[in-house]
Protein chains: 2
Amino acid sequence: MKEENARSSAIPHLAELAEFRYQLRTFLSFSEAASEACGIAAQQYQLMQVIAATPEGRPATISHLAERMILRHNSAVELVDRVEKAGMVRRRNDEQDLRRSLVELTPEGKKILQQLVTQHVQYLKTHGEEIARTLRTLQPASQTEKAKDLDGRR
Amino acid sequence: MKEENARSSAIPHLAELAEFRYQLRTFLSFSEAASEACGIAAQQYQLMQVIAATPEGRPATISHLAERMILRHNSAVELVDRVEKAGMVRRRNDEQDLRRSLVELTPEGKKILQQLVTQHVQYLKTHGEEIARTLRTLQPASQTEKAKDLDGRR
DNA sequence: CCGATTATATCGCCTCACGATATTTATAGC
DNA sequence: GCTATAAATATCGTGAGGCGATATAATCGG
């Protein structure tokens, strides 16, 4: 028999969803702290990561970065400005299409990125499984122990 | 045999981590759009969700909300101000401790929250499994098809 | 070779989180 | 019970960053 929270009664999966979002905020908070310990903002790290993860064939244009960062093009321009000022990336001119700037990591940028990726992978090796488990409790055919726990503890 | 991306070479798990963050951004972007379609900001929805998910015994004080939202106390105060102005929550005085305000959802707030939770649960029923799978590729003992795909396609 | 489209850049605006500080209430030590 | 300290909330000025509107330059289609 499960006691319903008066506040949450009648909203299915509220506890699991709230837990997932709390886990995300905790992860993002870690990410921000790690980035700023390296002297850059969290978004700047994300931009660098997108650049490094862009497949070989795909040029790292402002438009492409904006798309992967889910930002307006002008915001991507401004973000690149800031990361460039921090010395982590530089713009090159695309010789095929002079409208484009190609953004690439500097050696310093690669070094910092490697550190940050390592730290984040480490974090997710520790906490990723728990996040995945919370996500699974929201799947159609799921009544795991975790879900029962989140539902039952009120 | 896997071809290494010149940009990503020597950074293990870069592709999987970047993919995970892109999935998160996509989800958060959906969340923002859904919230604003209901006339509130994404953070305001999160606050409401935290309030609703607060266990019965635990009073929904500003301090508690700040902790779950991962915000400074003053920022939580300001967030509650905005959500109160939007008519989604109201403050009550704690009669045991007059320093505290207890924050609770209004009927309108409950209605909107229910809609948003439903939409988000629906989203995660569709996309949650994929996110969980990406997370799993970052686990210690993981060389799934997904991981091979992300590593191999460059 | 010119009108339409695409890519990037610039600028002013607005939201929101923060640090510093203030105010009120509770609590502990005497 | 009275005072020093701590805790909870609130206020205010500041700054970062994303966005819409607009501008400029380069490419492309007919």
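See the structure printed just above.
Residues numbered from 1 in each chain as written. Chains lettered and ligands numbered in written order. Predicted model: local features only at pLDDT ≥ 70, side-chain atom pairs only at ≥ 80, totals over all residues. Heavy atoms only, no water.

Caption draft 1: Molecular detail of the overall build of chain A. Check the secondary structure of chain A and you find six helices and two strands. Starting at the N terminus and walking to the C terminus, you meet the elements of chain A as α-α-α-α-β-β-α-α. Counting only residues that meet the buried cut, chain A has 48% of its 154 residues in that class. Sequence separation of at least 24 residues holds for 56% of the intrachain contacts in chain A that already meet a minimum separation of 6. Element-wise, carbon and sulfur atoms account for 48% of the exposed surface of chain A, whose accessible area totals about 7800 Å². (Helix = DSSP H or I, 4+ residues; strand = E, 2+ residues; numbered from the N terminus. Buried < 20%, exposed > 50% of the residue type's maximum accessible area, 1.4 Å probe, protein only. Contact = heavy atoms within 4.5 Å. Areas by Shrake-Rupley, 256 points an atom, 1.4 Å probe, with all protein chains shown as cover.)

Caption draft 2: Here's a closer look at the pattern of salt bridges. Residues and elements named next belong to chain A. Following the criterion strictly, the structure yields 21 salt bridges over all chains and no others. One salt bridge connects D81 with R91, and the closest N-O pair in it is separated by 3.0 Å. Placement of the pair is D81 in helix α4 (residues 73-85) and R91 in strand β1 (residues 89-93), with a sequence separation of ten residues. In this structure R91 comes out as partly exposed when scored by relative accessible area, which is 27%. Here E104 ties to R90 by a salt bridge, and the two come within 3.0 Å at their closest N and O atoms. (Salt bridge = Lys/Arg side-chain N within 4 Å of Asp/Glu carboxyl O.)

Caption draft 3: Representation of the protein's contact with DNA strand D. In the vicinity of DNA strand D lie 23 residues, with N74(A), E78(A), R82(A), S63(B) and E78(B) positioned nearest. In this structure, a phosphate oxygen belonging to DNA strand D sits 2.5 Å away from a side-chain N or O atom of S63(B). R91(B) is positioned such that a nitrogen or oxygen atom in its side chain is 3.0 Å from a phosphate oxygen of DNA strand D. Counting residues per element, the ones that place at least two in the surface near DNA strand D are α4 of chain A together with α3 (62-69) and α4 (73-85) of chain B. Considering only residue class, the surface near DNA strand D consists of five nonpolar, nine polar and nine charged. (Near = heavy atom within 4 Å. Polar contact = N/O pair within 3.5 Å; in protein donor to acceptor, adjacent residues only side chain to side chain. Nonpolar A, V, L, I, M, F, W, Y, C, P; charged D, E, K, R; others polar.)

Caption draft 4: Seen up close, the packing of helix α1 (residues 14-37) of chain A against helix α5 (residues 107-136) of chain B. The interhelical angle for the contact between α1(A) and α5(B), taken along N-to-C directions, is 70°, at an axis separation of 10 Å. In terms of orientation, α1(A) lies roughly perpendicular with respect to α5(B). Together, L14(A), L17(A), F20(A) and R21(A) of α1(A) and V117(B), H120(B), V121(B) and L124(B) of α5(B) make up the contact between the two elements. Its residues placed into classes, the contact of α1(A) with α5(B) shows six nonpolar, one polar and one charged. (Axes fitted to C-alpha atoms, helices over the stretch in contact; angles between N-to-C directions. Parallel < 35°, antiparallel > 145°, perpendicular 65-115°, else oblique.)

Caption draft 5: Representation of unusual backbone geometry. One non-glycine residue, H13(A), lies in positive phi territory at about 70°. Take H13(A): it is sitting in the segment before α1.

Caption draft 6: Inspection of the interface of chain B and chain A at higher detail. On the chain A side, the residues contacting the 57 residues of chain B number 57 residues. In total, about 5200 Å² of surface goes out of reach between chain B and chain A, with carbon and sulfur atoms giving 59% of it. At the surface where chain B touches chain A, the tally comes to four salt bridges. Summed over the shared surface of chain B and chain A, the result is ten residue pairs in polar contact (both at pLDDT 80 or more). (Buried area = accessible area lost by both parts, 1.4 Å probe.)

Caption draft 7: Looking closely at the nonpolar core. M48(A), L124(A), M48(B) and L124(B) are the most contacted members of the largest nonpolar core, which totals 82 residues. When neighbours within four sequence positions are excluded, L124(B) is seen to be in contact with L17(A), F20(A), L135(A), L138(A), Q139(A), F27(B), E129(B) and I131(B). (Core = buried A, V, L, I, M, F, W, Y, C linked by side-chain atoms within 4.5 Å.)

Caption draft 8: Here's a closer look at the packing of aromatic side chains. Enumeration over the complete set of coordinates arrives at six aromatic pairs over all chains. Centroid distance F27(A) to Y123(A): 5.4 Å. Interplanar angle 45°. Geometry classified as tilted. With a gap of 96 residues between them, F27(A) in helix α1 and Y123(A) in helix α5 (residues 107-136) connect regions that are remote in the sequence. Relative accessible area serves as the criterion here: at 0%, F27(A) is assigned to the buried category. Among the aromatic residues, ring-to-ring pairing joins F20(A), F27(B), F30(B) and Y123(B) into one connected group. Sitting over the face of the ring of Y22(B), R68(A) holds its NZ or CZ atom 3.7 Å from the ring centroid. (Phe/Tyr/Trp six-rings, centres within 6.5 Å; stacked < 30°, edge-to-face > 60°. Lys NZ or Arg CZ within 6 Å of the ring centre and 35° of its normal.)

From the geometry alone we can't say anything about function, so treat these as descriptive.
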